[in-house]
Amino acid sequence: MTAFSYEEFTTRNIGFVTPKEQETLKKGRVFIAGVGGMGGAAFATLVRAGVGHIAIADIDEFEVSNLNRQVSATMETIGMSKVSASVKMAQAINPEISLSTFAGEWVSKLDEITKDYAVIINGTDDVRATIALYRAAQSAGAVVIDAYASSLPSVFVVRPEAPRPEIRLNYPTPPYALSDISDEMVAECVVKELEYVLTNSSSINYVETDIAADFAAGKRSRFSFAPMVLTTGNMMAYEAVALLLGKESQTDDRGYFFNPHRARTERPAFQPYALVKGFVVRQFLKKMMDA
């Protein structure tokens, strides 16, 4: 069996990063909440980049419907916990990697986690867990890397001083403790995010609108596609690497969308235009959800 060498493992990285920066990545610490789609893609990329200390959390097991986009999902891992399968993958790549794992208890341990990991990737689509993550990260001074529920790859970076998404996207939740957030509030949060995405990107052009409306109305599960999911995960990984290396990033708390169909990036709309388009989007969503 070939002996593992971290130096040889990362030798092709040098040139994109310096040897000193690679050592920084080896000492780097990242927490990833959710290692299914986007979070799983980001995790796999950071493992191969040589990040040395990663904590992961997930409550789910792999199922057949995950095979279309989740990097650790194979016929061999169906029925296996996503955390266990992801650990097995990571250790097969870098036997020296330091991994911490959490299952369903991770939300209750966020105060501890956010103090230990200053760089966090949010890969969960659980609204309550996401709100808890952001609140704890702000208190601990941690940075959260996230993405929108969009048909276009996207990424945004929320630093401690930046407004939380529940404030920026006008969720109904800010006055409430996590335990007091109702299912109706969660549904409204989903719609608020969709409003933002449709107002500030051309995502509507690349999705079946009747299916999107069913998702917004809670009539079907979130839909995903490998090119979008894996691209987004890698965009998140780029932001994590930049943070670990102390490099400047132009990505802020509003973020951007990458449109591979038109080979361009899409930034949030100017406020006057966004107000007008947002009104149209709300009417559109209401009509579609009521249909």
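Residues numbered from 1 in each chain as written. Predicted model: local features only at pLDDT ≥ 70, side-chain atom pairs only at ≥ 80, totals over all residues. Heavy atoms only, no water.

1. What about the overall build of the chain?
Part 1 of the reasoning: A tally of regular secondary structure across the chain gives eleven helices and eight strands.
Part 2 of the reasoning: The C-alpha atoms of the chain give 19 Å as radius of gyration, which agrees with the globular expectation for 291 residues (19 Å, within 12%).
Part 3 of the reasoning: If one aligns the C-alpha atoms of the chain with their principal axes, the spans along those axes are about 60 × 40 × 40 Å.
Part 4 of the reasoning: For the chain, the proportion of its 291 residues judged to be buried stands at 50%. (Helix = DSSP H or I, 4+ residues; strand = E, 2+ residues; numbered from the N terminus. Rg over C-alpha atoms; globule rule 2.2 N^0.38 Å. Buried < 20%, exposed > 50% of the residue type's maximum accessible area, 1.4 Å probe, protein only.)

2. Description of the layout of surface pockets
Part 1 of the reasoning: The computed volume of the second largest pocket comes to approximately 530 Å³.
Part 2 of the reasoning: Considering the residues around the second largest pocket, the lining is formed by 20 residues, among which F16, V17, A237, Y238 and V241 are closest to the centre.
Part 3 of the reasoning: When residues of the lining of the second largest pocket are traced back to their parent elements, those giving at least two are α2 (19–27), α3 (38–49) and α10 (226–245).
Part 4 of the reasoning: Top element by residues in the lining of the second largest pocket is α10. It accounts for eight residues. (1 Å grid on protein atoms, 1.4 Å probe; cavity = no way out; pocket = protein on both sides within 12 Å on 5 of 7 lines; lining within 4 Å. Points joined across faces, edges and corners; volume = space filled by probe spheres on them.)

3. Some words on the side chain of D146
Part 1 of the reasoning: Its location among the elements puts D146 in strand β5 (residues 143–146).
Part 2 of the reasoning: The charged side chain of D146 is buried without a salt bridge, its nearest counter-charge being R168 at 7.7 Å.
Part 3 of the reasoning: Polar side-chain contacts of D146 include one of 3.0 Å to the side chain of N122.
Part 4 of the reasoning: One polar contact links D146 to Y134, side chain to side chain, over a distance of 2.7 Å.
Part 5 of the reasoning: Discounting residues that sit within four places of it in the chain, D146 has contacts with N122, T130, Y134, S154, V155, F156 and M236. (Lys, Arg positive; Asp, Glu negative; His and termini not counted. Salt bridge = Lys/Arg side-chain N within 4 Å of Asp/Glu carboxyl O. Polar contact = N/O pair within 3.5 Å; in protein donor to acceptor, adjacent residues only side chain to side chain. Contact = heavy atoms within 4.5 Å.)

4. Notes on unusual backbone geometry
Part 1 of the reasoning: With phi around 65 degrees, N170 is a residue other than glycine that occupies positive phi space.
Part 2 of the reasoning: At A263, a residue that is not glycine, the phi angle is positive and equals roughly 50 degrees.

5. Focus: a nonpolar patch on the surface
Part 1 of the reasoning: Side chains of L275, V276, F279 and V280 sit close together on the surface and give an oily, nonpolar patch of about 410 Å² of accessible area.
Part 2 of the reasoning: Residue placement: V280 occurs in helix α11 (residues 271–290). (Patch = residues over 30% accessible without salt bridge, like charges linked within 9 Å, V, L, I, M, F, W, Y side chains within 5 Å. Areas by Shrake-Rupley, 256 points an atom, 1.4 Å probe, with all protein chains shown as cover.)

6. A look at the sheet that holds strand β7 (residues 256–259)
Part 1 of the reasoning: What the eight strands build is an open sheet, ordered β3-β2-β1-β4-β5-β6-β7-β8; its pairing is mixed. Unpaired on one side and paired on the other, β3 (98–102) and β8 (264–266) mark the two borders of the sheet. Geometrically, the sheet is characterised by an average inter-axis angle of 20 degrees between neighbouring strands, direction not taken into account.
Part 2 of the reasoning: Bridge count for strand β2 (residues 53–57) against β3 is five bridges, and the pairing is parallel. Bridge pairing links I56 to T101 in β3.
Part 3 of the reasoning: Across the sheet, helix α4 (residues 82–93) lies against β2 and β3, angled at about 175 degrees from β3, the strand it touches most. (Pairing = 2+ DSSP bridges. Axes fitted to C-alpha atoms, helices over the stretch in contact; angles between N-to-C directions.)

7. Brief notes about the packing of α2 against α10
Part 1 of the reasoning: As a packed pair, α2 and α10 sit with axes 9 Å apart at the nearest point and diverge in direction by 105 degrees. Taken as axis vectors, α2 and α10 run roughly perpendicular relative to one another. Seen from α2, the contacting residues are E21, T24 and L25; seen from α10, they are V241, L244 and L245.
Part 2 of the reasoning: Of the residues contributing to the contact of α2 with α10, the split by class is four nonpolar, one polar and one charged. (Parallel < 35°, antiparallel > 145°, perpendicular 65-115°, else oblique. Nonpolar A, V, L, I, M, F, W, Y, C, P; charged D, E, K, R; others polar.)

8. With respect to the packing of aromatic side chains
Part 1 of the reasoning: Tallied over the full model, the rule gives eight aromatic pairs.
Part 2 of the reasoning: Residues F4 and F9 carry aromatic rings whose centres are separated by 5.6 Å and whose planes lie at 45 degrees to one another, so their mutual orientation is tilted.
Part 3 of the reasoning: Looking at F4, the relative accessible area reads 28%, which means it is partly exposed.
Part 4 of the reasoning: Exposure remark for F9: the relative accessible area of 21% places this residue in the partly exposed category.
Part 5 of the reasoning: An aromatic cluster is built from F31, F102, W106 and Y117, whose rings are joined through pairwise contacts.
Part 6 of the reasoning: Here the basic side chain of R168 rests over the ring of F156, its NZ or CZ set 5.4 Å away from the ring centre.
Part 7 of the reasoning: Above the ring of Y196, the side-chain terminus of R168 is found at 5.1 Å from the ring centroid. (Phe/Tyr/Trp six-rings, centres within 6.5 Å; stacked < 30°, edge-to-face > 60°. Lys NZ or Arg CZ within 6 Å of the ring centre and 35° of its normal.)

9. A few points about the environment of C189
Part 1 of the reasoning: Secondary-structure assignment places C189 in helix α8 (residues 183–200).
Part 2 of the reasoning: Relative accessible area serves as the criterion here: at 1%, C189 is assigned to the buried category.
Part 3 of the reasoning: Considered as a pair, C189 and L169 are 20 residues apart in the sequence and their alpha carbons are 8.2 Å apart.
Part 4 of the reasoning: The contacts of C189, once residues within four sequence positions are left out, are V127, Y171, P172 and T173.

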